[in-house]
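The primary structure of each chain is shown beneath.
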Amino acid sequence: MATTSPKMTGPSQQRRRSLATREALTGYLFIAPYLIVGGIFTYGLLFYVFGLSFTNLTAPFSRVAPQFVGLDNYVRAFSEPDFLRSLANVFWYFVVVTLFQTIGAILLAVLLNTRLRGIRFFRTLLYAPSVTSSVVIALIFFWLYQRFGIINYILGTEIAWLQEASHLFDPLWRTLGVQNPAYFVRGPSVAWMAIMVMNIFTTIPTFMVMFLAALQDVPGYVYEAAELDGATGWRSFWYITLPLLRPVVALVVILGTIGTFQVFDQAYVLTSGGPLQTTLTPSLLIFQKTLGRQTTPEAGFGAAMAFILAFIIVVITIIQRRYIEPATQQ
Amino acid sequence: MAVTSKRGTVATPRSTNRQPGGLSLGAIVRYVLLTFFSLLAFSPFILSFLGTFKTPAEITAFPPTILPQNWDVNNWVRVWNFTIPSVQGLLLPRWLFNSTWLALLNVATQLFFCSLAAYAFARIRFPGRDFFYFAIIASLAIQAAVTIIPAYVFYSNIGWINTFWPVIIPRLVVPVGILMLTQFFKSIPKELEEAAYMDGLGRFGTYWRIALPLSRPALLTFAIIAFQGSWNEFLAPLLFLQNPNLMTLPVGMSFFRFQYTNDLTAILVGAMFNAIPILVLFFFFNRYFIESGSYSGLAGQ
């Protein structure tokens, strides 16, 4: 700072500096609650999980001091059939759910983006599925998906949706004559797809309102100009609306990715990972390994799996940012 | 029909293909589609609400009925009176009570601490401000699935398992609220606050007496996000509140589902106990809910 003429500015500058110090202290005081809470329960725990992933800690409350085991947990994770299976499951879940919830949300937002009478009433009804908890929705669909339930009645089928372990691509491999295809290429199981449909049902409205907010920020003259150029209906949707929505698409896809990779509630409540572990997710596996209800708890191993999951999510979202977002800069 | 823009401010009547007084074909198609999707979206709630009044035989009848043959409130009474040997007293009222006071407490602390921090980020100059703000944005990516294990280990060591602390203390203040309210405070003019500050009201006084009252809509919108988040939260309470006495409604309902795998009416009543309070709130404050929905994502940008 300019302190070349202390005589002239000295006292007032000193006052100003002490004011600035007070101001800064007030700022820190105001954000102190977050610094403490976030420092311990978010960042602190993140470092802690990283540390734990290199140990053989068993039960969280174990009296035996955990030992450092290097990369053992990570090596083991990639040869653990359950973990690989859960990754395959969650990958299909991410692809299907993110794709359909984004498309569905865009279409509904476009449908709602109009000046028709009573549109707010429809908007309210359409938003309702995302208001309630995933547990409520899961319990309701538990009933709807029963073998003698309403969904089978409407479809004219008799499928035990949540117990059916056959996979989407099984018929394809059978006709090709491939014996024992790898788990991953068999695609999601019927039970898993039933949970996907339920999840899409609840998340479409969440993302719909984001797209709707973005659509309402598009000034009317944009479409008028397009209309003069002969772009109406689908052409105007394809060439005007979609490109304008691109930043929101990026956001929705990234939020969807973060959400789907951690899916837990629905799988826990509806199927607990079954049938034949075709709905087992990494979060569910980590949960089981930590609590150890079925086996001995292995918190260190669970921590390594949690860290791998976090790493996969970060890598995929970075790739998505690179491919969806740059075009918005144009 | 072309995609119409409907912002109130852009009041250019451009619907050339809409006759005054009549409905265009496009509008009719739109109404039909909207009605169909609204029914689809809302029917699971209606069907299961109606289902709660059916007898156990009727609920699994095939072909299924829509309206119950005899309206039977016994299921509701049965679920309300649900007990287990290891716990004294009724469980459902207790879960309802736990969920309610926890949600209210979470909303209160988050409104205060988030707006306080947001005010500092929007108005006060201090070294490291941008760094801390970035840390808050980055923390959105660190999700529960990653931190549950260390949290469980940590809480076990300090004796927090089966206490309410793990669902109160880490939620005193949440990143999404700070981000959302910071954006809001930045959007309102400073002049009023500056005048008050000059009059010697001090920073806290300015925040409390001037900035907060001006932010009522934003605070209400955030309160909805906070309430919904707390009311619907599942993973953390499932892990940390294992004692049936301490459970919240969603955890209690899942506990219930595993106790009564085949009692579908009871399961549906349980779901309704969880869904109805938030749906009622939603129909009263739907504008704020929907605003919060469009906001919660954008705050993360």
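Residues numbered from 1 in each chain as written. Chains lettered and ligands numbered in written order. Predicted model: local features only at pLDDT ≥ 70, side-chain atom pairs only at ≥ 80, totals over all residues. Heavy atoms only, no water.

1. A short note on the overall build of chain A
Then, in step 1: Looking only at helices and strands, chain A has 13 helices and zero strands in total.
Then, in step 2: In chain A, the succession of helices and strands from N to C terminus is α-α-α-α-α-α-α-α-α-α-α-α-α.
Then, in step 3: Computed over C-alpha atoms, the radius of gyration of chain A comes to 26 Å, more than 25% over the 20 Å expected from 2.2 N^0.38 for 330 residues, which places it beyond the range of a compact globule.
Then, in step 4: Here chain A, with 330 residues, has 54% of them falling under the buried criterion. (Helix = DSSP H or I, 4+ residues; strand = E, 2+ residues; numbered from the N terminus. Rg over C-alpha atoms; globule rule 2.2 N^0.38 Å. Buried < 20%, exposed > 50% of the residue type's maximum accessible area, 1.4 Å probe, protein only.)

2. What to know about the overall build of chain B
Then, in step 1: Secondary structure summary: chain B contains 13 helices and zero strands in total.
Then, in step 2: Along chain B, helices and strands appear, N-terminal first, in the series α-α-α-α-α-α-α-α-α-α-α-α-α.
Then, in step 3: Its C-alpha atoms give chain B a radius of gyration of 24 Å, clearly above 19 Å, the size a compact globule of 301 residues would have.
Then, in step 4: With the C-alpha coordinates of chain B rotated into their principal frame, the extents come out at 70 × 70 × 35 Å.
Then, in step 5: Long-range contacts, defined here as pairs at least 24 residues apart, represent 70% of the contacts in chain B between residues at least 6 apart.
Then, in step 6: By element, 66% of the accessible surface of chain B is carried by carbon and sulfur atoms, the whole surface being about 13500 Å².
Then, in step 7: The averaged location of the 10 negative side-chain charges in chain B is 5 Å from the averaged location of its 19 positive side-chain charges. (Contact = heavy atoms within 4.5 Å. Areas by Shrake-Rupley, 256 points an atom, 1.4 Å probe, with all protein chains shown as cover. Lys, Arg positive; Asp, Glu negative; His and termini not counted. Charge placed at Lys NZ, Arg CZ, Asp CG, Glu CD.)

3. With respect to the pattern of salt bridges
Then, in step 1: In the structure shown here, the tally under the stated rule is eight salt bridges over all chains.
Then, in step 2: As a salt-bridge pair, Glu-23 of chain A and Arg-203 of chain B come within 2.7 Å of each other at their nearest N and O atoms. A residue pair is termed interchain when its members come from two chains, as with Glu-23 of chain A in helix α1 (residues 6–52) and Arg-203 of chain B in helix α8 (residues 191–214).
Then, in step 3: According to the relative accessible area criterion, Arg-203 of chain B is buried, its value standing at 15%.
Then, in step 4: Close ionic contact of Glu-233 of chain B with Arg-171 of chain B constitutes a salt bridge, the shortest N to O distance being 3.3 Å. Highlighted residues: Glu-233 of chain B in the loop between α9 (216–232) and α10 (235–240) and Arg-171 of chain B in the loop between α6 (144–157) and α7 (175–187), separated in sequence by 62 residues.
Then, in step 5: Judged by its relative accessible area of 24%, Glu-233 of chain B is partly exposed.
Then, in step 6: Among the residues examined, Arg-171 of chain B registers a relative accessible area of 15% and is labelled buried.
Then, in step 7: Residues participating in the shared-partner salt-bridge network are Arg-76, Glu-80, Lys-289 and Glu-298 of chain A. (Salt bridge = Lys/Arg side-chain N within 4 Å of Asp/Glu carboxyl O.)

4. Thoughts on the layout of surface pockets
Then, in step 1: Reported here for the second largest pocket is a volume of approximately 1500 Å³.
Then, in step 2: Around the second largest pocket, the lining is made up of 46 residues, and of these Leu-108 of chain A together with Leu-33, Phe-36, Phe-37 and Leu-40 of chain B lie nearest the centre.
Then, in step 3: Mapped onto the lining of the second largest pocket, the elements with two or more residues apiece are α3 (81–112), α5 (134–144), α6 (150–155), α8 (190–216) and α10 (233–261) of chain A together with α1 (25–51) of chain B.
Then, in step 4: Sort the elements by how many residues they give to the lining of the second largest pocket and α1 of chain B lands first, with twelve residues.
Then, in step 5: In terms of residue class, the lining of the second largest pocket is made up of 40 nonpolar, five polar and one charged. (1 Å grid on protein atoms, 1.4 Å probe; cavity = no way out; pocket = protein on both sides within 12 Å on 5 of 7 lines; lining within 4 Å. Points joined across faces, edges and corners; volume = space filled by probe spheres on them. Nonpolar A, V, L, I, M, F, W, Y, C, P; charged D, E, K, R; others polar.)

5. Observations regarding a nonpolar patch on the surface
All names here are of chain B.
Then, in step 1: The grouping of Phe-49, Leu-220, Ile-276, Val-280, Phe-284 and Phe-285 at the surface amounts to a nonpolar patch, some 520 Å² of accessible area in total.
Then, in step 2: Element by element, the count of residues in the nonpolar patch is highest for helix α12 (residues 264–284), at three residues.
Then, in step 3: Residue placement: Ile-276 occurs in helix α12. (Patch = residues over 30% accessible without salt bridge, like charges linked within 9 Å, V, L, I, M, F, W, Y side chains within 5 Å.)

6. A closer look at the environment of Phe-78 of chain A
Residue and element names in this part refer to chain A.
Then, in step 1: With respect to the helices, strands and loops of the structure, Phe-78 is situated in the loop between α2 (72–77) and α3.
Then, in step 2: Look at Phe-78 and you get partly exposed, because its relative accessible area is 48%.
Then, in step 3: Separated by 227 residues in the primary sequence, Phe-78 and Met-305 place their C-alpha atoms 9.2 Å from one another.
Then, in step 4: Residue contacts for Phe-78: discarding those within four places in its chain leaves Leu-84 and Ile-308.

7. Observations concerning the interface of chain B and chain A
Then, in step 1: Listed by partner, the interface residues are 109 residues for chain B and 98 residues for chain A.
Then, in step 2: At the boundary of chain B with chain A, total buried surface from both sides reaches about 9500 Å², with 74% on carbon and sulfur atoms.
Then, in step 3: One can count one salt bridge joining chain B with chain A.
Then, in step 4: For the pair chain B and chain A, the interface holds 17 residue pairs in polar contact (both at pLDDT 80 or more). (Buried area = accessible area lost by both parts, 1.4 Å probe. Polar contact = N/O pair within 3.5 Å; in protein donor to acceptor, adjacent residues only side chain to side chain.)

8. Looking at the nonpolar core
Then, in step 1: Counting residues in each nonpolar core, the largest one holds 197 residues, and the members touching the most others are Phe-211 of chain A together with Phe-185 of chain B.
Then, in step 2: Contacts of Phe-211 of chain A, omitting those with residues within four sequence positions, involve Thr-102, Ala-105, Ile-106, Ala-109, Leu-245, Val-248, Val-249 and Val-252 of chain A. (Core = buried A, V, L, I, M, F, W, Y, C linked by side-chain atoms within 4.5 Å.)

9. Focus: empty space enclosed by the protein
Rolled over the atoms, a probe with the dimensions of a water molecule shows which regions are left empty.
All names here are of chain B.
Then, in step 1: For the coordinates displayed, the defined rule picks out three cavities of 30 Å³ or more.
Then, in step 2: Within this model, the largest cavity holds a volume of roughly 70 Å³.
Then, in step 3: If you go around the largest cavity, the residues you meet are Ser-99, Leu-102, Ala-103, Asn-106, Val-167, Arg-171, Ser-230, Trp-231, Glu-233, Pro-237, Thr-248 and Pro-250.
Then, in step 4: Examining the composition of the lining of the largest cavity, we find that four residues originate from one element, helix α4 (residues 91–123), more than from any other.
Then, in step 5: Tallied by class, residues from the lining of the largest cavity come to six nonpolar, four polar and two charged.
Then, in step 6: Of the pockets and cavities examined, the second largest cavity occupies roughly 50 Å³.

10. Side note on the packing of aromatic side chains
Then, in step 1: One pass over the full model with this rule turns up 64 aromatic pairs over all chains.
Then, in step 2: Ring geometry for Tyr-127 of chain A against Phe-282 of chain B: centres 5.7 Å apart, planes inclined by 40°, an arrangement best described as tilted. In this pair, Tyr-127 of chain A is assigned in helix α4 (residues 119–127) and Phe-282 of chain B in helix α12, connecting two distinct chains.
Then, in step 3: Accessibility expressed as a relative area gives 0% for Phe-282 of chain B, which makes it buried.
Then, in step 4: Aromatic pair Tyr-119 of chain B and Phe-185 of chain B: ring centres 5.8 Å apart, planes at 90°, arrangement edge-to-face. In this pair, Tyr-119 of chain B sits in helix α4 while Phe-185 of chain B sits in helix α7, placing the two residues 66 residues apart along the sequence.
Then, in step 5: Here Tyr-119 of chain B falls in the buried class, since its relative accessible area comes to 0%.
Then, in step 6: Here the aromatic residues Phe-30 of chain A together with Phe-112, Phe-113, Tyr-119, Phe-184, Phe-185, Phe-204, Tyr-207 and Trp-208 of chain B are joined through ring pairs into a cluster of three or more.
Then, in step 7: Taking the ring centre of Tyr-197 of chain B as reference, the NZ or CZ of Arg-203 of chain B above it sits at 4.4 Å. (Phe/Tyr/Trp six-rings, centres within 6.5 Å; stacked < 30°, edge-to-face > 60°. Lys NZ or Arg CZ within 6 Å of the ring centre and 35° of its normal.)

11. What about the domain arrangement of chain B?
All names here are of chain B.
Then, in step 1: As far as domains go, chain B holds domain 1 (25–80) and domain 2 (91–298).
Then, in step 2: The C-alpha-based centres of domain 1 and domain 2 are spaced at 32 Å.
Then, in step 3: Listed by partner, the interface residues are 16 residues for domain 1 and 15 residues for domain 2.
Then, in step 4: Around 1400 Å² of area is buried between domain 1 and domain 2 when both sides are counted, 86% of it from carbon and sulfur atoms.
Then, in step 5: Considering only the side of domain 1, the residues that lose the most area to domain 2 are Trp-76, Val-79 and Trp-80, jointly responsible for 45% of the buried surface there.
Then, in step 6: Taken together, domain 1 and domain 2 are joined by one salt bridge.
Then, in step 7: With a shortest N-O distance of 2.5 Å, Arg-78 and Asp-263 are connected by a salt bridge. (Domains from an automatic or database assignment.)

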